Amino acid sequence: MEAATPYTESKPGMPIDVLDDVADGAEALEAVERLRPDVLLLDIRMPGVDGLEVTRRLCGPDAVEPVDGYRPRIVIVTTFDDDTYVRTALANGACGFLLKDASPALLVEGVRAAAAGDSLISPQITVRLLESMVPDGKSGQSGSAPVEPLPERELDVVRLVAVGRTNAEIAQELLMSMSTVKAHLAHVQRKLQVRNRVEIAAWAWENRQARR
């Protein structure tokens, strides 16, 4: 795996096109400007500008809003299984975090999830990381309150997102259609004022809504 690889795909399920393969963060930023990929795979440790800094510049809270609204979706692919890196990457706007020992199928799934506006974190990281967000010795809610209350059905979806269920698994478990699951997630994102399902999951763990 090279330092950064931009991907694009026109429709879900279509072949993934590799647009470029670059050696460092500066080249990654230039490639994004030139090629405007849908998805960017980044390593953490790269010469010069590292992957976390590239992510911050492109998608972080202080990133300049593009005139046309374009932003690449970023998946971190690294050997470093470190919760600090994971938290920093997600806080900077990454929508996925995979380890380099992930199977090719999981890597493809992560790219497709990112292209569809979804998120994927390596299974061995997900619950460990999110469980650590539960404050010790406290009860009740600790995170930010939603701008509107979440009805029980939306909370059911949130709880399953928090333990790593896919949309298809949520639909099967809650006996609802995929379109209904997606509609619930869209409502939840708006009410929680979060960007993706990783942040939904984080909210659930912080607010003791997740159930193992």
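Before reading on, note that the structure itself is shown above.
Residues numbered from 1 in each chain as written. Predicted model: local features only at pLDDT ≥ 70, side-chain atom pairs only at ≥ 80, totals over all residues. Heavy atoms only, no water.

**Notes on the pattern of salt bridges**
Phase 1: This structure, assessed with the given rule, holds 11 salt bridges.
Phase 2: For D68, the salt bridge goes to R36, with nearest N and O atoms at 2.3 Å. Highlighted residues: D68 in the loop between α2 (51-59) and β4 (73-78) and R36 in the loop between α1 (25-35) and β3 (39-42), separated in sequence by 32 residues.
Phase 3: Across the pair E53 and R57 runs a salt bridge whose closest N-O atoms are separated by 2.9 Å. Taken together, the residues E53 and R57, both in helix α2 and four residues apart, mark about one turn of the helix.
Phase 4: A relative accessible area of 43% places R57 in the partly exposed class.
Phase 5: Linked by salt bridges that have partners in common, E152, R153, D156 and R159 make up one network. (Salt bridge = Lys/Arg side-chain N within 4 Å of Asp/Glu carboxyl O. Helix = DSSP H or I, 4+ residues; strand = E, 2+ residues; numbered from the N terminus. Buried < 20%, exposed > 50% of the residue type's maximum accessible area, 1.4 Å probe, protein only.)

**Re the packing of helix α6 (residues 152-162) against helix α8 (residues 178-192)**
Phase 1: Two elements in contact, α6 and α8, have axes whose closest approach is 10 Å; the angle formed by their N-to-C orientations is 90 degrees. On the basis of their axis angle, the class for α6 and α8 is roughly perpendicular. In this structure, α6 uses R153, E154, V157, V158 and V161 to contact α8, whose residues at the interface are H184, L185, H187, V188 and K191.
Phase 2: When grouped by side-chain class, the residues that make up the contact of α6 with α8 number five nonpolar, two polar and three charged. (Axes fitted to C-alpha atoms, helices over the stretch in contact; angles between N-to-C directions. Parallel < 35°, antiparallel > 145°, perpendicular 65-115°, else oblique. Contact = heavy atoms within 4.5 Å. Nonpolar A, V, L, I, M, F, W, Y, C, P; charged D, E, K, R; others polar.)

**Points about the packing of aromatic side chains**
Phase 1: Evaluation of the coordinates by the stated rule reveals one aromatic pair.
Phase 2: Ring geometry for F80 and Y85: centres 6.0 Å apart, planes at 65 degrees, overall edge-to-face.
Phase 3: Residue classification places Y85 among the partly exposed positions, given a relative accessible area of 22%.
Phase 4: For R36, the ring lying beneath its charged end belongs to Y70, and the centroid distance is 4.2 Å. (Phe/Tyr/Trp six-rings, centres within 6.5 Å; stacked < 30°, edge-to-face > 60°. Lys NZ or Arg CZ within 6 Å of the ring centre and 35° of its normal.)

**Considering helix α9 (residues 197-206)**
Phase 1: The element α9 is extensively covered by neighbouring structure, given that eight of its 10 residues are classed as buried.
Phase 2: Listed as buried for α9 are R197, V198, I200, A201, A202, W203, A204 and W205.
Phase 3: Positive backbone phi, at 55 degrees, marks R208, one or two positions downstream of α9.

**Focus on helix α7 (residues 167-174)**
Phase 1: When we look at burial in α7, the residues that qualify are N167, I170, A171 and L174. Buried positions in α7, seen along its axis, are confined to an arc of 100 degrees and lie on one side of it.
Phase 2: Packed against the buried residues of α7 are α6, α8 and α9.
Phase 3: Phi turns positive one or two residues past the end of α7, at L175, with a value near 55 degrees. (Arc of directions from axis to C-beta.)

Read these as spatial facts, not as claims about activity.
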